[in-house]
Amino acid sequence: MLISLKGQVALVTGASSGLGAGAARGLAACGAAVVVNYHSQPEPAQNLVDEIRAAGGQAIAVGADVSKEDEVDKLLAATLKAFGRLDILIANSGLQKDAPITELSLEDWNTVINVNLTGQFLCARAALRQFAKQEIRPDISRALGKIIHMSSVHQVIPWAGHVNYAASKGGVDLLMRSIAQEVGEQRIRVNSIAPGAIRTAINTKATSGDAEKDLLKLIPYGRVGEAQDVANAVVWLASDASDYVHGATLFIDGGMSLYPEFRNNG
Ligand code: BGC
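Bear in mind that the values here come from a model prediction, so they are computed numbers and not experimental data.

Caption draft 1: Structural view of the pairing of strand β3 (residues 59–63). Two elements, strand β2 (residues 33–38) and β3, share 5 bridges in a ladder whose sense is parallel. For Tyr38, the partnering residue across the bridge sits in β3 and is Gly63. Remark: the β2/helix α2 (residues 42–54)/β3 crossover connection has right-handed handedness.

Rendered as structure tokens:
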């Protein structure tokens, strides 16, 4: 099936780099008009917008902190001003502030929960409120709207030294499934993507040199993922090719969540 998102408007949070940038590129390549949200890096966001436009696509860059209610409202307003509607939300913004539990500050706990979990709630809520004002357009999609939450393998794999991050992603899982249960009958599809180790800036250390060798022991498929691997899943989940997929988490992890330590009899 050839995927077309023509006529649809996608908002991707945290899209100035990494998985968000990859998702924005993928969605634009399939014809969606894309809002490239950034937090503190206007330049790479604008470069991505220029790149999408140069390839014949439509995009704008909008700065907003997704953990702040008024900024999410402004982000939505900017989306509507530019493109008049919203069809797809990729709630992607996320960060890590790692520390052993006994050294983890309340501030770093709060920052991670605020961006990774509260931010996804605020963006999903804003998108759902907007979807409710729109009608299904069968010419562009069978769904009234689609939300994709960016989770992580750490929504199921406990992660020592990263309890704030793992707790936020565990939260994203039940946030996503509860929203999905609540809004499905409005023909709004809600799903998550749970990436494993992907070669992005957040992961440079873990994915190069000796660290990469260690990391590969945790990946049955035997390679580190690329942003494109995740973008492909984003595009599929945003399209009608996945129209009967709802409340699901797609693990894009080369098998990292398969308890690879048990390959040799545990
Ligand atoms: C984290 C990465 C990590 C991967 C696998 C992701 O959610 O952001 O830093 O390498 O999970 O552990």
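From this point, the discussion proceeds with the structure in view.
Caption draft 2: Spatial organisation of the sheet that holds strand β1 (residues 9–12). Taken together, the 7 strands give an open sheet; going across it, the order is β3-β2-β1-β4-β5-β6-β7, and neighbouring strands pair in parallel fashion. Only two strands of the sheet have a single partner each, and these edge strands are β3 and β7 (249–252). For this sheet, the mean inter-axis angle between neighbouring strands, taken without regard to orientation, is 20°. The pairing of β1 with β2 spans 4 bridges and is classified as parallel. Within β2, the position partnered with Val9 by the bridge is Ala33. Each of β4 (88–91), β5 (145–150) and β6 (188–195) is contacted by helix α4 (residues 106–133), which is oriented at about 175° to β5, the strand it contacts most.

Caption draft 3: The site of the ligand, seen in detail. Surveying the vicinity of the ligand reveals the residues Gln96, Ser152, Val153, His154, Trp159, Tyr165, Gly196, Ala197, Asn203 and Met256. The contact in question runs from an oxygen atom of the ligand to an N or O atom on the side chain of Ser152, over 2.6 Å. Tyr165 places a polar side-chain atom, nitrogen or oxygen, 2.6 Å from an oxygen atom of the ligand. Considered on its own, the ligand offers 310 Å² of accessible surface; in the complex 89% of this is hidden by protein.

Caption draft 4: Seen up close, the packing of aromatic side chains. On inspection of all chains with the given rule, the structure shows 2 aromatic pairs. Between Trp159 and Tyr165, the aromatic rings sit 5.7 Å apart at their centres with planes inclined by 70°, giving edge-to-face as the arrangement. Judged by its relative accessible area of 27%, Trp159 falls in the partly exposed class. Pairing Tyr259 with Phe262 gives two aromatic rings, centres 6.5 Å apart and planes at 85°, and the pair type is edge-to-face.

Caption draft 5: Expanded view of the pattern of salt bridges. Per the counting criterion, the structure on display carries 13 salt bridges. Across the pair Asp173 and Arg177 runs a salt bridge, and its minimum N-O distance is 3.2 Å. Linking Asp173 with Arg177, this pair stays in helix α5 (residues 163–183), spanning 4 residues, or about one helical turn. Under the relative-accessibility criterion, Asp173 is labelled buried at 12%. Judged by relative accessible area, Arg177 falls into the partly exposed class, the value being 42%.

Caption draft 6: Examining the packing of helix α3 (residues 69–83) against α4 more closely. Relative to each other, α3 and α4 sit at 40°, their axes nearing to 10 Å. By the angle between their axes, α3 is oblique relative to α4. Of the two elements, α3 crosses α4, and the hand of that crossing is right-handed. From α3, Glu69, Val72, Leu76 and Leu80 reach across to α4, where they touch Leu122, Cys123, Arg125, Ala126 and Gln130.

Caption draft 7: Region of the structure containing the layout of surface pockets. Roughly 180 Å³ of volume is contained in the second largest pocket. Forming the walls of the second largest pocket are Arg142, Ala143, Gly184, Arg187, Ile188, Arg189, Asp243, Tyr244 and His246. When the residues that make up the lining of the second largest pocket are grouped by side-chain class, the tally is 3 nonpolar, 2 polar and 4 charged.

Definitions and limits used
- Residues numbered from 1 in each chain as written.
- Predicted model: local features only at pLDDT ≥ 70, side-chain atom pairs only at ≥ 80, totals over all residues.
- Heavy atoms only, no water.
- Pairing = 2+ DSSP bridges.
- Helix = DSSP H or I, 4+ residues; strand = E, 2+ residues; numbered from the N terminus.
- Right-handed = clockwise from strand over helix to strand, strands pointing away.
- Axes fitted to C-alpha atoms, helices over the stretch in contact; angles between N-to-C directions.
- Contact = heavy atoms within 4.5 Å.
- Near = heavy atom within 4 Å.
- Polar contact = N/O pair within 3.5 Å; in protein donor to acceptor, adjacent residues only side chain to side chain.
- Areas by Shrake-Rupley, 256 points an atom, 1.4 Å probe, with all protein chains shown as cover.
- Phe/Tyr/Trp six-rings, centres within 6.5 Å; stacked < 30°, edge-to-face > 60°.
- Buried < 20%, exposed > 50% of the residue type's maximum accessible area, 1.4 Å probe, protein only.
- Salt bridge = Lys/Arg side-chain N within 4 Å of Asp/Glu carboxyl O.
- Parallel < 35°, antiparallel > 145°, perpendicular 65-115°, else oblique.
- Left-handed = near helix turned anticlockwise from the far one by under 90°.
- 1 Å grid on protein atoms, 1.4 Å probe; cavity = no way out; pocket = protein on both sides within 12 Å on 5 of 7 lines; lining within 4 Å.
- Points joined across faces, edges and corners; volume = space filled by probe spheres on them.
- Nonpolar A, V, L, I, M, F, W, Y, C, P; charged D, E, K, R; others polar.

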